[in-house]
Amino acid sequence: MGRSIYFFGAGQADGDAQQKDLLGGKGAGLAEMTRLGIPVPPGFTVTTEVCNAYFAAGKVLPAGVEDEIKAAIGRLESLRGAGFGSPEAPLLVSVRSGARASMPGMMDTILNLGLNDEIARGLAQRTGSERFALDAYRRFILAYADIVLGVPRDRFEEALGRARRQAAAKLGVDATRLNSAELERKVPDSALDPESLAALIQRQKDIVLGATGRPFPDDPYAQLWGAIRAVFDSWKNHRAEVYRKMHDIPEAWGTACTVQAMVFGNLGDDSGTGVAFTRDPSTGERRFYGEWLPNAQGEDVVAGVRTPHPLSRSGEGGGGGVDDASSLEARMPAAYAGLVEVQRKLEQHFRDMQDLEFTIQQGELFLLQCRTGKRTGRAAVRIAVEMAKEGLISQREAILRVEPGSIDQLLHPSIDPNAPKDLLARGLPASPGAATGQVVFSADEAERRAGQGRAVILVRSETSPEDIHGMKAARGILTARGGMTSHAAVVARGMGKSCVAGCSAISVSQGRMTVTIYDEHGRATGVITVKDGDLITLDGGTGTVYLGAVPTIPAALSGEFEELMTWADAVRRLRVRANADTPHDARTARNFGAEGIGLCRTEHMFFDEERIQAMREMILADGEVGRRSALAKLLPFQRSDFVGVFREMAGLPVTIRLLDPPLHEFLPQDDAQLQQLSRATGVSVADLQRKSEGLAEYNPMLGHRGCRLAITSPEIYEMQTRAILEAACEVAAAGIEVEPEIMIPLSMTRRELTLTRALVEGVAEKVFAEKGRRVDIRFGTMIELPRAALRAGELAEEAEFFSFGTNDLTQTSLGISRDDAGRFLGAYVEAGIFAKDPFQALDVPGVGELVEIGRDRGRAVRPGLKLGICGEHGGDPSSIAFFERAGLDYVSCSPFRVPVARLAAAQAALAAESSRGPRATD
Ligand code: PEP
Ligand code: MG
């Protein structure tokens, strides 16, 4: 282990921005800002290595670390001209966690550490404000008791309520019938006088003594050791674990712990605190954006109890509305100007959008944090493209800046502006996207009902990190309180979920929400009650809440998005096709930039009302003649579908897979359907049941499906081939270029392909003779079975292309049923057996090796063999990175994932290029 402590202060720092692994994002940011000459209160960071050593030793700090910390505190004391534990000139510190990746609100922070009765008196004298000193003290006891001593916060609520009621009596306010929220509004923290605060502090200490059997620790160093341990411990608390899992953050990273001299934003009206972003984190627009609270500590802004004011005079970016006079610019012009200067400097330096936390103590500005700001997918794209155009970053960097998964957010539906809507309330547009669902009032309930497949909207007064699992499960989040940087807003944005925050017209209690309705003049005209289970719709882009379900329309993509995609297309090597079965899906895919169809699942064409009937007749027919006559009815449907698909994909390849699923999937599932089929076919219900039972399989995924159907009943593939080629000839006759590719599913031997190829070529010759024209067709196969990958050499004798069906290939090589995996794969991921669900992210060491074997053996026999992948992994960024490394020709994924795949393919190409060494030019 290297050094344990990295100091920063007075323009010098031991660490820098490159050391996030060791100092966490926060420690690295503070060190770098200090080096840049930005005003930062001095402090030091205890490294992530110390955290890991602490856990390795069974939660014991490594030898010598305490002495190093004491020495660092000594440096802080001399820089601040104050003493840790000195009543005359008290040095108070904050103790904060900070991991390599930002995990907003997930771990613990303790402010105002270093106070006891005597020091609080000294602080009162030094600041001239007894109220301030006692308020800091009672907040410290509360946070310390909760985080370090494990005394639940709600035990203190009652004590605070009592203090408020006492203060209310003094103010002449009748508090007898007020609930706690109303009481807090009438008697805010600032209305608690020194006497009530002193009584409250005593009561808090009694609660601690009662709950822990020990008095609250008076010794500042005892407080400090406890706080540092608690910060390390918080790395392994439940909510941090959930967050890590969601964001793929390894537990082995550990957290750093930063101890920093306190500055106070609550020292009067010339003090304040706030958060800011160098660009709008919601839209990406280039404007300085943020919010602040006068006379407050940082936690007040994040907790969302008070609604903050905008930073700039125009009111832009403010949480609370457009009250110019309350803006920081209007109230403290000098501090505002300083902040504008600092944010410019930081964005130029880091070349990315920054998220800042600042405090103004009696007119003097301090920066407390600087990190790369979280942003919506829309903002990520706009910021990357605009920064590239401003010359701040290169186009390649812009491509790498946007997380492919976040593009999904751009593709989300929005509220149909023309649909009738029942406006319920307005709040802040905290995270874009439209979401409809049943109202639920607790995170647990949100998780439970989402688990039953219901869409839910989580409604809370405000959210806290304890709600994270419910937020994850919900379609959208609505809160009554809090600003644009409140917990709800920040977390929802990160998740890409619709969120309306700070909706002050609603009040939530006891399983219902009451909504005050206002007229256009802002006068309250009535109250509506919304109960658990009622439907509401959120528009996170405008901050609007509607009663009931409102229709939505598909996303419209921005100009910046198109631009980024053009840049991505210029660097990617992998082609991107779509899995599409209908002309409509084909058009969507093409609009999203698909370069062909990689998988057209023909069975999906059989489920229409009229078609399923003929399909069932075919299945039920006793002999080939019966089957052929039923198939003849299906032929025109299939042909017209293919005509539509070929037209949409003019000039691009279309891979059509012949029938794959076992036939019983097409038979009726319930009695009513069975009776209907009996009436239509004249076959008795009993006979139908017998037939259906005869087709049933113990293990349908390994049964009579794929090309095995063609070995027993070639007429099905014959009909399909005829439909494809008649359609191809028809479209070609209209002067449209067609590139049909016929693909055989689930093959494992050469002979299966020899037989099906002869079948396809036989039909082709007939159709071409009938139509008097030829079209080029390619014949290929899916690789979905381990044997197929192993024997790829002989399959390549027949097949001109392979498409890896990684859904089935995962299923068959892991021996895990696709349909049953959900029940236990979660436990496998939890136990660390798989890092991710292998049906979502390819199992590279296992299934990936089969892909490589298939590639090598196939290409050894047929050097030009075209290789693609059409399983769900084709739209998964981490799997795409593998397919790039594996040298496949294309990936194919669902239409809405095509842009994600294009970007992921570009990033994979850039990564491959940089691993080969730098280019001559960038
Ligand atoms: C596959 O198995 O990967 C595949 C694309 O086919 P399906 O999902 O239709 O089985
Ligand atoms: Mg398959």
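Scoring rules and cut-offs
- Counting restarts for each chain: residues are numbered from 1 in the order of the written sequence.
- For this description, chains carry letters from A and ligands carry numbers from 1, given in the order in which they are written.
- Per-residue local features are limited, in this predicted model, to residues with pLDDT of at least 70; the limit for side-chain atom pairs, both in listing and counting, is 80 or more; totals at the level of whole chains, interfaces and linings are taken over all residues.
- To get the side-chain values, take all heavy atoms of the structure and skip hydrogens and water.
- Labels follow the DSSP assignment, with helices taken as runs of H or I lasting at least four residues and strands as runs of E lasting at least two, numbered in each case from the N terminus.
- Here, proximity means that at least one heavy atom of the residue falls within 4 Å of the molecule or strand.
- Whenever a nitrogen or oxygen atom comes within 3.5 Å of another N or O atom, the pair is scored as a polar contact, on the condition that within protein one atom can donate a hydrogen and the other can accept it, and that pairs from neighbouring residues in sequence are kept only if both atoms are in side chains.
- Here the open area of atoms and residues is found with the Shrake-Rupley method and a 1.4 Å probe, where only the protein chains shown may cover a residue.
- Put simply, Ala, Val, Leu, Ile, Met, Phe, Trp, Tyr, Cys and Pro go in the nonpolar bin, Asp, Glu, Lys and Arg in the charged bin, and everything else, Gly too, in the polar bin.
- What makes a salt bridge here is a side-chain nitrogen of Lys or Arg within 4 Å of a carboxyl oxygen of Asp or Glu, nothing more.
- The cut-offs for exposure are 20% and 50% of the maximum accessible area for each residue type, with area from a 1.4 Å probe on protein chains only; residues under the lower value are buried, those over the upper are exposed, and the others partly exposed.
- For Na, K and Ca the donor cut-off is 3.2 Å, and for all other metals it is 2.8 Å, counting N, O and S atoms only; because water is absent from this set, sites may look incomplete.
- Simply put, an axis is a line fit to the C-alpha atoms, just over the touching stretch for a helix, and the angle between two N-to-C directions goes from 0 to 180 degrees.
- Working rule for angles: under 35 degrees goes down as roughly parallel, over 145 as roughly antiparallel, 65 to 115 as roughly perpendicular, anything else as oblique.
- Less than a right angle of anticlockwise turn of the near helix away from the far helix marks a crossing as left-handed, whereas a clockwise turn marks it as right-handed.
- Throughout, a residue-residue contact means that at least one pair of heavy atoms, one from each residue, lies within 4.5 Å.
- Strands qualify as paired when DSSP identifies two bridges or more between them.

## Description of unusual backbone geometry
Residue lysine 59 is not a glycine yet carries a positive backbone phi of 65 degrees. With respect to the helices and strands, the residue lysine 59 is situated in the loop between α2 (48-56) and α3 (65-80). Even without being glycine, asparagine 295 reaches a positive phi, approximately 45 degrees. Looking at where asparagine 295 falls in the secondary structure, it is placed in the loop between β8 (289-294) and α11 (298-303).

## As for the site of ligand 1
In the region of ligand 1, 13 residues are neighbours, and Arg601, Gly805, Asn807, Asp808 and Arg818 sit closest. Arginine 657 places a side-chain nitrogen or oxygen 2.9 Å from an oxygen atom of ligand 1. The contact in question runs from an oxygen atom of ligand 1 to an N or O atom on the backbone of asparagine 807, over 2.7 Å. Burial of ligand 1 by the protein chains amounts to 94% of its free accessible area of 280 Å². Where the shell around ligand 1 is concerned, the elements lending two or more residues are β26 (597-601) and α30 (806-814). Considered class by class, the residues forming the shell around ligand 1 number three nonpolar, four polar and six charged.

## A word on the pattern of salt bridges
The tally for this structure, following the rule as stated, stands at 65 salt bridges. Linking arginine 449 and aspartate 532 is a salt bridge whose minimum nitrogen-to-oxygen distance equals 2.7 Å. Separated by 83 residues along the polypeptide, arginine 449 in helix α16 (residues 443-451) and aspartate 532 in the loop between β21 (524-531) and β22 (535-539) bring together distant segments of the chain. Of the charged contacts, one joins arginine 627 and glutamate 715 as a salt bridge, the two residues approaching to 2.4 Å between their closest N and O atoms. Note that arginine 627 is positioned in helix α22 (residues 624-648) and glutamate 715 in helix α26 (residues 714-733), a separation of 88 residues in sequence. Across the pair, glutamate 715 and arginine 627 agree in class, each one buried. Here the residues in one salt-bridge network are Asp569, Arg572, Arg575, Glu595 and Arg902, joined through shared partners.

## With respect to the coordination of the magnesium ion (ligand 2)
Ligation of the magnesium ion (ligand 2) by protein atoms is provided by Glu784 (OE) and Asp808 (OD), these donors lying 2.0 Å from the ion. Remark: aspartate 808 occurs in helix α30 and glutamate 784 occurs in the loop between β29 (778-783) and α28 (786-790); sequence separation between them is 24 residues. On the basis of relative accessible area, glutamate 784 is assigned to the buried category, the value being 2%.

## Considering the packing of helix α5 (residues 130-147) against helix α8 (residues 194-212)
Their axes nearest at 9 Å, the elements α5 and α8 cross at an angle of 20 degrees. By the angle between their axes, α5 is roughly parallel relative to α8. Crossing handedness for the pair α5 and α8: left-handed. Together, Glu130, Arg131, Leu134, Asp135, Tyr137, Arg138, Ile141, Leu142 and Ala145 of α5 and Pro194, Leu197, Ala198, Leu200, Ile201, Gln204, Lys205 and Val208 of α8 make up the contact between the two elements. Of the residues in the contact of α5 with α8, the class split is eleven nonpolar, one polar and five charged.

## Things to note about the environment of glycine 433
By the element assignment, glycine 433 lies in the loop between β14 (428-431) and β15 (434-440). Separated by 235 residues in sequence, glycine 433 and alanine 198 place their C-alpha atoms 47 Å apart. Not counting the four nearest positions on each side in its chain, glycine 433 is found in contact with Pro413, Ser498, Leu538, Asp539, Gly540 and Gly541.

## Structural notes on the pairing of β8
Most of β8 sits inside the fold, with six of its six residues counted as buried. Burial of β8 is two-sided: the residues Tyr289, Glu291 and Leu293 facing one way and the residues Gly290, Trp292 and Pro294 facing the other way are all buried. Alignment of strand β7 (residues 272-277) against β8, held across six bridges, turns out to be antiparallel. By the bridge assignment, glycine 272 is partnered in β8 with proline 294. Strand direction decides the pairing type here: β8 and strand β9 (residues 309-310), joined by two bridges, are antiparallel.

## Points about the sheet that holds strand β18 (residues 498-501)
Here eight strands make up an open sheet; going across it, the order is β13-β23-β22-β15-β16-β17-β18-β14 and the pairing mixed. Because the sheet does not close on itself, it has two edges, and the strands there are β13 (422-426) and β14. On average, adjacent strands in this sheet sit at an angle of 30 degrees to one another, irrespective of strand direction. Sheet topology note: the β14/β18 ladder contains three bridges and is antiparallel. Among the inter-strand pairings, leucine 428 is bridged to a residue of β18, identified as alanine 501. Here α16 sits on the sheet in contact with β15 and β16 (456-460), set at roughly 110 degrees to β15.

## Some words on the side chain of asparagine 579
Secondary-structure assignment places asparagine 579 in strand β25 (residues 575-579). Taking relative accessible area as the criterion, asparagine 579 reaches 9% and is therefore assigned buried. Polar side-chain contacts of asparagine 579 include one of 3.1 Å to the backbone oxygen of cysteine 870. Among the polar contacts listed, one links the side chain of asparagine 579 to the side chain of serine 892, at a separation of 2.6 Å. If we skip the residues at most four places from it in the chain, asparagine 579 touches Gly598, Leu599, Arg601, Cys870, Ser892, Cys893, Ser894 and Pro895.

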